[in-house]
Every structure is written in C-alpha cells, then in structure tokens.
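Secondary and tertiary structure notes
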Amino acid sequence: MAETGRAIVIGGGIGGLAAAAALHQKGWAVTVLERAPALRPVGAALSLAPNALRALDVLGIGDEIRDLAAWQGDGGLRTPGGRWLSRSDAEAAAARFGGPLVLLPRTTLVDRLAALLPPGTVRTGTSAALADPGDRDRPARVGADGDELEAELVVGADGVNSRVRATLFPAHPGAVYAGFTTWRVLIPVPGAEFAPHETWGRGRIWGTQPLADGRVYAYGAAMVPAGQRAPDDEKAELLRRYGDWHHPVPAVLAATRPEDVLRHDVHHLARPLPAHHAGRTALLGDAAHAMPPTLGQGGNLAIEDAVVLAHHGADLAAYTADRLPRTTAVARRAVRVARLNMAGSRAVVAVRNTVITALSQAGPAFLLRGFDGVADWRPPYASGRQHAGKP
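Quick caveat, the model's predicted, so the values are computed rather than measured. (Residues numbered from 1 in each chain as written. Predicted model: local features only at pLDDT ≥ 70, side-chain atom pairs only at ≥ 80, totals over all residues. Heavy atoms only, no water.)

Time to look at unusual backbone geometry. For the bond running from His 247 to Pro 248, omega is 10 degrees, close enough to zero to count as cis. The topology assignment puts Pro 248 in the loop between α7 (234-242) and α8 (249-255). A positive phi angle, close to 50 degrees, is found at Asp 145, a residue other than glycine. Locating Asp 145 in the fold gives a position in the loop between β9 (140-144) and β10 (147-151). (Helix = DSSP H or I, 4+ residues; strand = E, 2+ residues; numbered from the N terminus.)

Along the polypeptide, Leu 116 turns up in the loop between α5 (106-114) and β7 (122-123). Taking the C-alpha atoms as reference points, Leu 116 and Ala 22, 94 residues apart in sequence, are found 9.1 Å from one another. Every residue in contact with Leu 116, bar those within four places of it in the chain, is listed here: Ala 21, His 24, Leu 59 and Ile 61. (Contact = heavy atoms within 4.5 Å.)

With that settled, consider the sheet that holds strand β16 (residues 262-268). Taking strand neighbours across the sheet as the criterion, the seven strands line up as β5-β4-β13-β14-β15-β12-β16 in an open arrangement whose pairing is mixed. The sheet terminates laterally at β5 (84-89) and β16, the two strands that pair on one side only. The mean inter-strand angle of the sheet, taken between neighbouring strand axes irrespective of direction, is 20 degrees. (Pairing = 2+ DSSP bridges. Axes fitted to C-alpha atoms, helices over the stretch in contact; angles between N-to-C directions.)

Another aspect to go through is the environment of Ala 95. Checked against the element boundaries, Ala 95 lands in helix α4 (residues 90-97). For the pair Ala 95 and Phe 169, spaced 74 residues apart in the sequence, the C-alpha separation amounts to 41 Å.

Across the sheet, six strands lie side by side as β7-β2-β1-β11-β18-β17; this open sheet has mixed pairing. Strands with a single pairing partner mark the edges of an open sheet, and in this sheet they are β7 and β17 (277-278). Sheet topology places strand β2 (residues 29-33) next to β7; two bridges connect them, and they run parallel. Bridge assignment links Val 32 to a residue of β7, and that residue is Val 122. The sheet contacts of helix α1 (residues 14-25) involve β1 (6-10), β2, β7 and β11 (153-156), and relative to β2 the element is tilted by about 170 degrees. Relative to the sheet, helix α11 (residues 316-341) contacts β11, β17 and β18 (281-283), its axis offset from that of β18 by approximately 15 degrees.

The next subject is the side chain of Gln 209. Along the polypeptide, Gln 209 turns up in strand β14 (residues 204-210). Its relative accessible area of 19% is what places Gln 209 among the buried residues. In this structure the side chain of Gln 209 is engaged in a polar contact, spanning 3.1 Å, whose partner is the backbone oxygen of His 197. The residues contacting Gln 209, other than those within four sequence positions of it, are Leu 103, Phe 194, Pro 196, His 197, Glu 198, Arg 215, Val 216, Tyr 217 and Tyr 219. (Buried < 20%, exposed > 50% of the residue type's maximum accessible area, 1.4 Å probe, protein only. Polar contact = N/O pair within 3.5 Å; in protein donor to acceptor, adjacent residues only side chain to side chain.)

The subject of this paragraph is the nonpolar core. Counting 44 residues, the largest nonpolar core has Leu 48, Leu 56, Leu 59, Leu 109 and Leu 113 as the members making the most contacts within it. Counting residues per element, this core draws most heavily on α1, at eight residues. (Core = buried A, V, L, I, M, F, W, Y, C linked by side-chain atoms within 4.5 Å.)

So, on to the pattern of salt bridges. Taken as a whole and judged by the stated rule, the model has 20 salt bridges. Residue Glu 259 pairs with Arg 257 through a salt bridge whose shortest N-O separation is 3.5 Å. Its relative accessible area of 55% is what places Glu 259 among the exposed residues. Note on Arg 257: relative accessible area 46%, which makes it partly exposed. The shortest N-O distance in the salt bridge between Glu 304 and Arg 323 comes to 2.8 Å. On the criterion of sequence distance, the pair formed by Glu 304 in helix α10 (residues 298-312) and Arg 323 in helix α11 is long-range, its members being 19 residues apart. (Salt bridge = Lys/Arg side-chain N within 4 Å of Asp/Glu carboxyl O.)

This part takes up a nonpolar patch on the surface. Residues Val 351, Val 355 and Leu 359 make up a contiguous nonpolar surface patch of about 240 Å² in total accessible area. Relative to the helices and strands, Val 351 is located in helix α12 (residues 346-362). Since its relative accessible area comes to 53%, Val 351 is described here as exposed. (Patch = residues over 30% accessible without salt bridge, like charges linked within 9 Å, V, L, I, M, F, W, Y side chains within 5 Å. Areas by Shrake-Rupley, 256 points an atom, 1.4 Å probe, with all protein chains shown as cover.)

A few words now on the environment of Ala 290. With respect to the element layout, Ala 290 can be found in the loop between α9 (286-289) and α10. Judged by its relative accessible area of 2%, Ala 290 falls in the buried class. Discounting residues that sit within four places of it in the chain, Ala 290 has contacts with Val 160, His 267, His 268, Leu 269 and Gly 285.

Listed below in structure tokens is the structure:
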C-alpha cells in the first residue's frame, strides 16, 4: 500500500528534510513545516557512518557527501594523559563497514537536502501541531498558524521533545535526562596537528576530529545534574574540566571563544515507543527513538528512517515493523556505551581501560567492533541505486 498523495513533514531538521526529499522522489506532494525562522540546525557537526551514506545514495547525494571525508591514517581511543587504549584507522573502518566515516558541518547536509526539494516546499517560521492523526477512512489534519491542512501522510520529525509523539502516545513518559551534558565547538585551530581521537576519563569524555574544510570539531560530555550552567562561561567550564588533558585539547580550548561553545543536556527515550506510527502519522529520528549520542547514530538513523518510510509510503505498519526493532536495539547499545564511557568510579575506569587495551591487542579495534551490526546496514529496498563502489 505505497500510494502517494499529500504529505506534511513537521520539522525541518536533517530527518525531516531527508524524509521530504525521499517522499518527493516517490511522487508525494510534500510540505515541510519548520517553526524556526530559517533552516538552522541545532549543533555543530554530524558524523555520518556508512549506513547513513548508503541511505543518502537512495537520495542521490551519497558520493558527494563521501567526498567530504577528512579522517586519514590513525585514530582511536585515549586516556586523559594521552595513552592510547585502542588504535584504528580510516582504511580499516572503510574495509570493515564498506565505506568511510564522514564528519561534516550540519549546515552542509541541511543545505544539500533542502536543495533536493522544489521551491516553496519548506515553510519556515510556522508552528505546527497535529490535530488528528487520521485513519484509513480520513486524512490526517495539521494546524499551522491558524490554517488547517489535510494530508494522506504526516511525518513527525520534531525532535526529542516531539509534540507529535505526545499526541500519538499520550501515555508514554517521553524523554528523560540521560545523566550527562555535552559541549560542542566547531572552530579553526591553526597549527594543531593530531590524530583523530576520543578520550575517556572518569565521568568525562572528550573528542577531537578534523573536518575536510580545515576546521576542528571538538566535543565533551560530563556526568552532572540536569539544568546546570557554568557560573562564568562555558569555555571556562571546559578549561576547568579538560584544560590539563593531552594535546591537542589545550590548543583547542585556547582557540575557543566563549560564544563558540554550545552546551546541551542529553535526553533520550528510556522506554521505547510501542510503534513508530498511529493512523496516517509516522515518527522518525529523535521523535521516534532519541538516544544518547555515544554511538553518533541519532542523525544516521533518522536518514535511514526517511528512505524506509518513503519506500513503504502509506503502509505505516510496515514502516514500524522495519524500523522499531533496529532503532530499539541501537538505542539500547548507545545506553550501554554511555554507561561504559561515562563511568565515574576509579576502580571501574581502571578495569574498563585494562579490558579495552587487552581486547584491542587481541583483535580488531575496540571502537570499530562497537559498530558491528550498526554501520553495515544497507537499505533493503534500494539495491539498484547503491553506491557503485559497494558490493
């Protein structure tokens, strides 16, 4: 039951735009409603693993995004003092999962996805609410700044605090605090040479990654109570927490201005939804399966959702059957990784580091093994449109 018609996407982030582009390609007449005055994505950069890049192949832009890959040579996992716990490299990752890992500014992907849509598809500055999810006998209805719109399909892509989700599943508890906050910066760091890495401390992590445009994406996370903010500014908070960590962390912090730092508490759906749809309304991305960012898969799964949803069209039960088991499994793995890399006990950290080192010496890099069953996903309905370099 993949008939087409009118589709309304609530939310103009990466997942919403990917869904709009995929539905447009399938012949749907799509309208995207975004409450912000412009398509300005939240966050600094986004990591795209091979699974998301294969989904972008379905949209026809996978190869141009692959060309933005910057990671070359060694990388891996370190301690705050600089000792390597686990080493890996871009070539090994590509061989293991059938493609590169690409880190790019979120704005780059948002702009490219928006360019796939006909002019006038996206209505910014528009607050939307689901009035009726619809059913087999009637269309769904959406209120949009005083207007009421009808559609054969509505897509809730309105993020972790989704209002569409709350309308579809009012008994669900919604997103809860994951126990840690994050900081992110995307800046030039002149003269800083380093191997890409993530560093695991005690109740704190840090990552430093190069981008193809020469800038550096850096991020930190720490176990703190929800709602806290630095008493002075967030750069000062980063200096207090990470200023004595290994190179290039001090160089990155020296190049950072207070206004460069984004801070967000992390929330996730600790309880999976019973379905990713109700009536004629579907959920995708964080609205459907918000998870900790410890696997870097939030945006990746949203792009997967988009192409699978477009394949099934109006058959939303098939969409749920396809996506709910996978997204639930990946979300649970992200929670397990968060417990590991955000561990606060000295004894637990010592054991963790010893085990990681031993496992890495015994076989493939620890970090790469964590993506088995995740990064190797392929769109099951797009075999004729896969990236030419993939089997």
